[in-house]
Amino acid sequence: MKNIIIGFVLLAAAQPALALQNIKIGGVDINPVVSVKQSYDSNIYLQKLQPKSANINRTAFGVNAAKQFGSKLDLKAGYMLELLTYSRAASINNAVHNNANVELNAKLPRNTALKFTDVFTHTSDQATSELTARAKRLQNNIGVSVDSPLRGNFGYGIDVQHIYNNYDSTTYDMLDRSEVLAGVSVNYKLQPKTKVFLGYTYGNLTYDKKNTTTNTRANNAVHNDIDLGITGNLGPKLVGTVKAGVQMRNYSKDLATAKNDATTAGYSGQLQWKPLEKTEVIYYGKRGNVETNFGNSRFYTSTLNDISASREVNKFKVGVGMSFETVQYPERSSATAAKRFDHNTNARLTVDYNIQKWLKAGAGYTYKNRSSNYSTNDYKDNVVGLEVKGMF
């Protein structure tokens, strides 16, 4: 595989005519994507004792398409096929991933914007930082949103989502579930590109299977979320969204000693700062509840903060990043056990090189560490990889 990657890079560098950019058929812009990533993972099962390493090849073939229907309607769609090949236990670890997405944007009368999205994923990648074993799962997120002005600087938004999760493996099928979210918000335009908003969301969480201990759907819940935030231009060369709020959950069925009512303060932030030309700093943070079936806990509270920075120099782009996550479980797994508490740390370094406008090569290193008061859940992992990506 190494020789194939090197040969492909050298051939592409010498033959600019290979690039077929801006493919257009019947008014549809079509952009194929091909990538090959070869990596070494020191702990593919993310376990504390006797970690197992492997060489992993991830080859992806995809296509993105876009179509403009006049000035008020546009449609985008994409599909990506990923083939994963492991040097260890190939019959178990090899996998095929399918990812697809559709986005429709419409401009309605009175400056009203309508958006429809559907994101489909069939993958074996872990859904959350809690999970260590790879397991095939399906996730589908459908959303419809409306954003419209009211009077003066005021406006409103409506957002409805349906999220479906289904695991192929019986190990995790107790997490099969669907969630419906319906929200409304009121916003006020502070500046032409800056808004403050107040939002309310109602959520209904329904599990497919009954809890094996209680023989009831004890994880079914309804929740009410209230958020206050700001979005748009937040400062000199700083854009993004920041919000904080509270979630109030209610469970109608009992599960051991778990409380049926839970109130959790949360926040989220996505910020992009460009202090200099070709220099970028990105922050992502979130505190919220995540579904689980660990012990007697029906959810855990994750507090994640991630920051990364990148700098372009000629044809090179160098990036560094790190994240820190605390994971708190609200219930004891037994009467004498402590409540589980994890620390997840991640550090990464990337270097990309633009061989051609449409072709880039990259190298990266990622370090992952989990430290838990349930020490059997501890692990360390190092991943080194090389990638070639063509975007036609």
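Just so it is clear, the structure is predicted and the values come from calculations on it, not from any experiment.

A. Region of interest: the overall build of the protein. Helix and strand counts for the protein come out as two helices and 19 strands. What you see for the protein is a C-alpha radius of gyration of 23 Å, in line with the 21 Å of a compact globule of 392 residues. Taken over 392 residues, the protein has a buried fraction of 33%. Sequence separation of at least 24 residues holds for 52% of the intrachain contacts in the protein that already meet a minimum separation of 6. Accessible surface, the protein as shown: approximately 21900 Å² in total, 59% of it carbon and sulfur. Taking the 47 positively charged and 31 negatively charged side chains of the protein as two groups, their mean positions are separated by 4 Å.

B. Structural view of the pairing of strand β17 (residues 339–356). Where strand β16 (residues 316–332) meets β17, 14 bridges bridge the pair, whose relative direction is antiparallel. When the bridges of β17 are listed, Val-327 appears paired with Asp-342. Count of turn residues in the β16/β17 antiparallel hairpin: six residues. Two elements, β17 and strand β18 (residues 359–372), share 14 bridges in a ladder whose sense is antiparallel. Within the sheet, the bridge partner assigned to Val-351 lies in β18 and is Ala-363.

C. Expanded view of the pairing of strand β8 (residues 154–167). In the sheet, strand β7 (residues 137–149) pairs with β8 via 13 bridges, with the strands oriented antiparallel. Residue Gly-143 lies in a different strand from β8, and its bridge partner there is Gln-161. As consecutive antiparallel partners, β7 and β8 are separated by four residues, and within that stretch Gly-152 has a phi angle of approximately 60 degrees, a positive value. Judged from the 12 bridges that link them, β8 and strand β9 (residues 177–191) form a sheet pairing that is antiparallel. Counted as the bridge partner of Phe-154 is Tyr-188 from β9.

D. Examining the nonpolar core more closely. If you look at the biggest cluster of nonpolar residues, it comprises six residues: Ile-44, Ala-54, Ile-56, Leu-84, Tyr-86 and Ala-95. Those elements that place two or more of their residues in this core are β3 (54–69) and β4 (73–86). Leave out the neighbours within four places in its chain, and Tyr-86 touches Ile-44, Ala-54, Asn-55, Ile-56, Asn-93, Asn-94 and Arg-134.

E. Looking closely at the environment of His-162. Structurally, His-162 can be placed in strand β8. With 65 residues separating them in the primary sequence, His-162 and Asp-227 have C-alpha atoms 20 Å apart. With residues near it in sequence (within four places) discarded, His-162 still touches Asn-140, Asn-141, Ile-142, Ser-178, Glu-179 and Val-180.

F. Focus on the packing of aromatic side chains. All told, the structure shown has seven aromatic pairs when counted by the stated rule. Both rings, one in Phe-294 and one in Tyr-374, keep their centres 5.8 Å apart while their planes meet at 70 degrees; by these two values the pair is edge-to-face. You can see Phe-294 sitting in the loop between β14 (279–291) and β15 (299–313) and its partner Tyr-374 sitting in the loop between β18 and β19 (379–391), a full 80 residues away along the chain. Site record: aromatic cluster; members linked through ring pairs are Phe-294, Tyr-300, Tyr-329 and Tyr-374.

G. Just the pattern of salt bridges, in detail. A complete count under the given rule lists 10 salt bridges for this structure. Lys-195 serves as the salt-bridge partner of Asp-147, at 3.7 Å between the closest nitrogen and oxygen. In this pair, Asp-147 is assigned in strand β7 and Lys-195 in strand β10 (residues 194–207), connecting sequence segments 48 residues apart. Looking at Asp-147, the relative accessible area reads 33%, which means it is partly exposed. As a salt-bridge pair, Lys-209 and Asp-176 come within 3.4 Å of each other at their nearest N and O atoms. Taken together, the residues Lys-209 in the loop between β10 and β11 (221–235) and Asp-176 in the loop between β8 and β9 connect sequence positions 33 residues apart. According to the relative accessible area criterion, Asp-176 is buried, its value standing at 2%. One continuous salt-bridge network, built from bridges that share partners, spans Arg-58, Glu-82, Asp-125 and Arg-134.

H. Here's a closer look at a nonpolar patch on the surface. Together, Ile-158, Val-160, Val-184, Leu-198, Tyr-200, Tyr-202, Ile-226, Leu-228 and Met-248 give the surface a local cluster of nonpolar side chains, amounting to about 760 Å² of exposed area. For the nonpolar patch, the elements supplying multiple residues, two or more each, are β8, β10 and β11. Counting residues per element, the nonpolar patch draws most heavily on β10, which supplies three residues. Structurally, Met-248 is set in strand β12 (residues 238–251). We classify Met-248 as partly exposed; its relative accessible area is 34%.

I. Structural context of the confidence of the model for the protein. For the protein, mean pLDDT is 92; residues scoring 70 or higher make up 94% of the total. Confidence drops under pLDDT 50 across residues 1–20; counting only partners more than four residues distant or on other chains, this segment forms 24 contacts.

The rules we used
- Residues numbered from 1 in each chain as written.
- Predicted model: local features only at pLDDT ≥ 70, side-chain atom pairs only at ≥ 80, totals over all residues.
- Heavy atoms only, no water.
- Helix = DSSP H or I, 4+ residues; strand = E, 2+ residues; numbered from the N terminus.
- Rg over C-alpha atoms; globule rule 2.2 N^0.38 Å.
- Buried < 20%, exposed > 50% of the residue type's maximum accessible area, 1.4 Å probe, protein only.
- Contact = heavy atoms within 4.5 Å.
- Areas by Shrake-Rupley, 256 points an atom, 1.4 Å probe, with all protein chains shown as cover.
- Lys, Arg positive; Asp, Glu negative; His and termini not counted.
- Charge placed at Lys NZ, Arg CZ, Asp CG, Glu CD.
- Pairing = 2+ DSSP bridges.
- Core = buried A, V, L, I, M, F, W, Y, C linked by side-chain atoms within 4.5 Å.
- Phe/Tyr/Trp six-rings, centres within 6.5 Å; stacked < 30°, edge-to-face > 60°.
- Salt bridge = Lys/Arg side-chain N within 4 Å of Asp/Glu carboxyl O.
- Patch = residues over 30% accessible without salt bridge, like charges linked within 9 Å, V, L, I, M, F, W, Y side chains within 5 Å.
- pLDDT = per-residue confidence, 0-100.

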